[in-house]
Amino acid sequence: MKQNNEQSSGRKLARGLQNRHIQLIALGGAIGTGLFLGIGPAAVSAGPSVILGYALAGVIAFFIMRQLGEMVVEEPVSGSFSHFAYKYWGNFPGFASGWNYWVLYILVSMSELTAIGHYVQFWWPEIPLWASSLFFFVTINALNLSSVKVYGEAEFWFSIVKVAAIIAMIVFGVYLLFSGNGGPQASVQNLWNDGGFFPKGLLQSDGQGGYQGLLAAMAIIMFSFGGLELIGITAAEADQPEKTIPRATNQVIYRILIFYVGALVILFSLSPWRNITTTSSPFVMVFESLKGFEFHLFGKTIYFTSLIANALNLIVLTAALSVYNSCVYSNSRMLYGLAEQGNAPSFLSRLNKNHVPVLATIVSAAFVAVCIIINYVMPGNALKALMTLVVSALIINWLMISVVHLKFRQRYKNGQAITKFPSFLYPASNYICLLFLTGILGLMLLTGMALPVLLIPAWLVLLYVFYMLAGKNKKREAL
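Remember, predicted model here, so these are calculated numbers, not experimental data.

Cut-off values and rules
Each chain has its residues counted from 1, following the order in which its sequence is written. Local features in this predicted model are restricted to residues of pLDDT 70 or higher, and side-chain atom pairs are both shown and tallied only at a pLDDT of 80 or more, whereas totals for entire chains, interfaces and linings draw on every residue. For the side-chain quantities, the full set of heavy atoms in the structure was used; hydrogens and water were omitted. Classification of ring pairs rests on two measures: the distance between centres of Phe, Tyr or Trp rings, Trp counted by its six-membered ring, which must be within 6.5 Å, and the angle between planes, read as stacked under 30 degrees, edge-to-face over 60 and tilted in between. We call a charge positioned above a ring when the Lys NZ or Arg CZ atom is no farther than 6 Å from the ring centre and deviates by at most 35 degrees from the ring normal. Numbering of helices and strands starts at the N terminus; helices are DSSP runs of H or I of at least 4 residues and strands are runs of E of at least 2. Confidence scores here are pLDDT values: one per residue, from the predictor, ranging 0 to 100. Contact criterion: two residues are considered in contact whenever any of their non-hydrogen atoms come within 4.5 Å of each other. Salt bridges are counted wherever a side-chain nitrogen of Lys or Arg sits within 4 Å of a carboxyl oxygen of Asp or Glu. Relative accessibility decides the category of a residue: with a 1.4 Å probe and only protein chains considered, values under 20% of the type maximum give buried, values over 50% give exposed, and everything between is partly exposed.

Visitor: Go over the packing of aromatic side chains, please, and point to the residues and values.
Guide: Scanning the entire structure with this criterion turns up 17 aromatic pairs. Ring plane angle 85° and centroid distance 5.2 Å describe the contact between Phe-197 and Phe-198, whose orientation is recorded as edge-to-face. Among the aromatic residues, those joined into a cluster by ring pairs are Phe-92, Phe-95, Tyr-464 and Tyr-467. The ring of Tyr-426 has Arg-409 sitting right over it, with the charged end atom 4.0 Å from the ring centre.

Right under this line is the structure:
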């Protein structure tokens, strides 16, 4: 076993994340671009039926969370599922899962920075995407170079703002809807009176060679749930992971139902689905469209101005900053874990005096900086291109978690050991996840997103080439 810098220096990652941090990190990781901006293309493709799509994807995400959570509670180590892939599957799966996850969150970081630029342009359209991306890129990375407690505290308050805002939006939307103050177009009948709940079918041609419908939107919907696996990354720095990880994992499912399904029901009820576009946040757009209406509260007449839309745009900007903040954290910790395993240069495992993998953070940031160039060269298409690449990397990651969990449970079964946090409906949930995720790849081939899927074999081959060049074709020593 190699002697890494952490061991030689006597330092290691500090367990500075408390229960409240883990709870909000778990929730905040999935509330960002996917919910606020990504639902635009999904809603255009599927109409109101996208609500069902988010519910189905949420169930799959919960299964994956429980599978990962079971492994993490047993072994709360750095590197998370990359460590488990090594231990329970083999050398190359461990190598591939770690680097795929790192690349995944490099892409997510780019997507969030791009979305941040779109939100800034809501107020100042003259500011180019690359300029706002650069500003927040520097700010968030500087924040993460401090201690893990600073990251945890920042993410806690970022997420508090998001959660409070979504709850307030749902409550206010319900008031507008049922008080009659949402305007003549506001009605729950919007969910079915314009072509039905499935106005574009499950999967049908639009007559011009393209496909629309709920199934076609599932790949975009899956993007929204990337980030839930952040719980696995926090395990090595979580205080009492055997208590905090199960609690956070179990709360995910009903939070998804409230924040995704609940918010979307209100969104589609307040405005006909055909008014939603792919270029801006549907939440901001719907409330902006109501600014000409007045409503009555406690006997007073209140005029609905663009103040609400501006407040919502500030909130979705906060959401994107939160997810990017988590991306910077997860990128650095995964790279640190890869260095510990010997699958990345050993200098990346060095920690500063605050127990932060500073070099891993800086190297990850250098790759994310490519986003600024992308936004400069192709500002109109950057977000869509990045989101499709992210879905492919995310699906690889989730597929590997389910497979590794099967192998993990088989090892424990053979040893007659009982785990502390058994996954839900094992092994049926594993096979359901594998079938569902494979189906998403098939749908991407049919719905104009074939390139990211076709690149998966090439990406795996490239990973194997790097694995061989790194000399990792020998079996790793037993942990």
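From this point, things continue past the structure.
Visitor: Which residues make up unusual backbone geometry, and what values do they have?
Guide: Peptide bonds are trans in most cases, and residues, glycine excluded, mostly fall at negative phi. In this structure, Pro-427 follows Tyr-426 across a cis peptide bond, with omega equal to -5°. As for its position among the elements, Pro-427 is in the loop between helix 17 (382–414) and helix 18 (428–446). At Leu-425, a position not held by glycine, the phi torsion is positive, near 60°. Inspection of the secondary structure puts Leu-425 in the loop between helix 17 and helix 18.

Visitor: I'd like a rundown of the confidence of the model for the protein, residues and numbers included.
Guide: Detailed reading of the predicted coordinates is not advisable wherever pLDDT is low. Per-residue pLDDT for the protein averages 77, and the proportion of residues at 70 or more is 77%. Of all the helices and strands in the protein, helix 1 (residues 5–9) carries the lowest mean pLDDT, 39, while helix 18 carries the highest, 90. In this model, residues 1–10 is a region of pLDDT below 50 whose contacts with residues beyond four sequence positions or in other chains number 21 contacts. Of the regions scoring below 50 in pLDDT, residues 472–479 engages in 16 contacts with residues more than four places distant in sequence or in other chains.

Visitor: Which residues make up the pattern of salt bridges, and what are the values?
Guide: Enumeration according to the criterion identifies two salt bridges in this entry. Between Arg-409 and Glu-70 there is a salt bridge, and its shortest N-O distance comes to 3.2 Å. On the criterion of sequence distance, the pair formed by Arg-409 in helix 17 and Glu-70 in helix 5 (residues 50–74) is long-range, its members being 339 residues apart. What makes Arg-409 buried here is its relative accessible area of 19%. According to the relative accessible area criterion, Glu-70 is buried, its value standing at 0%. Glu-75 is paired through a salt bridge with Lys-87; the nearest N and O atoms lie 3.3 Å apart. On the criterion of sequence distance, the pair formed by Glu-75 in the loop between helix 5 and helix 6 (80–88) and Lys-87 in helix 6 is long-range, its members being twelve residues apart. In this structure Glu-75 comes out as buried when scored by relative accessible area, which is 12%. Of the residues examined, Lys-87 reaches a relative accessible area of 27% and is grouped as partly exposed.

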